[in-house]
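# Per-entry structural report
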Amino acid sequence: MAKTSAVERNKKRAKMAAKCAARRARLKAVVMNREVTPEERFEATIKLAEVARNSAPVRQRNRCDLTGRPRGTYRKFKLGRVMLRDLASFGQIPGMTKSSW
């Protein structure tokens, strides 16, 4: 089980990313647009730097929904490899079975 503070910090980052997504996208569009004057692009760059760092989607970490484990997480299931194997063995995931030969 991961530390509760790490899981909560990640949830906070996800919430901030959703909240600031429109503003970030608008500023990034201005920064990337070559037709805009360099002064306007520089001003947009400064405003983008003032937006909270934790609102960037890049700062989020993929974690297991059940345990909070940060590594070995399958994006499709949002589960860590350990929990995915346990649930598959017990038949809790439809269409998935543990292989045996």
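The structure under discussion appears in the preceding block.
Residues numbered from 1 in each chain as written. Predicted model: local features only at pLDDT ≥ 70, side-chain atom pairs only at ≥ 80, totals over all residues. Heavy atoms only, no water.

## Re the overall build of the chain
Looking only at helices and strands, the chain has three helices and two strands in total. From first element to last, N terminus to C terminus, the chain shows the α and β order α-α-β-β-α. Whereas a compact globule of 101 residues would reach a radius of gyration of roughly 13 Å, the chain reaches 20 Å, over 25% beyond that. Seen through its C-alpha atoms, the chain measures out along the principal axes to roughly 65 × 30 × 20 Å. Here the analysis covers contacts within the chain between residues at least 6 apart in sequence; of these, 38% occur between residues at least 24 apart. Carbon and sulfur atoms form 54% of the exposed surface of the chain, whose accessible area is close to 8,300 Å². (Helix = DSSP H or I, 4+ residues; strand = E, 2+ residues; numbered from the N terminus. Rg over C-alpha atoms; globule rule 2.2 N^0.38 Å. Contact = heavy atoms within 4.5 Å. Areas by Shrake-Rupley, 256 points an atom, 1.4 Å probe, with all protein chains shown as cover.)

## Looking at the side chain of Arg-63
Within the element layout of this structure, Arg-63 appears in the loop between α2 (38-50) and β1 (73-74). Within the buried set, Arg-63 has no salt-bridge partner at all; the shortest N-O distance to an opposite charge, 9.4 Å, is to Asp-65. Separated by 2.6 Å, the side chain of Arg-63 and the backbone oxygen of Gly-68 make a polar contact. (Buried < 20%, exposed > 50% of the residue type's maximum accessible area, 1.4 Å probe, protein only. Lys, Arg positive; Asp, Glu negative; His and termini not counted. Salt bridge = Lys/Arg side-chain N within 4 Å of Asp/Glu carboxyl O. Polar contact = N/O pair within 3.5 Å; in protein donor to acceptor, adjacent residues only side chain to side chain.)

## Thoughts on the pattern of salt bridges
Enumeration over the complete set of coordinates arrives at two salt bridges. Of the charged contacts in the structure, one is a salt bridge between Glu-43 and Lys-47, with a shortest N-O distance of 3.6 Å. Linking Glu-43 with Lys-47, this pair stays in helix α2, spanning four residues, or about one helical turn. With a relative accessible area of 46%, Glu-43 lands in the partly exposed category.

Structural measurements only, silent on function.
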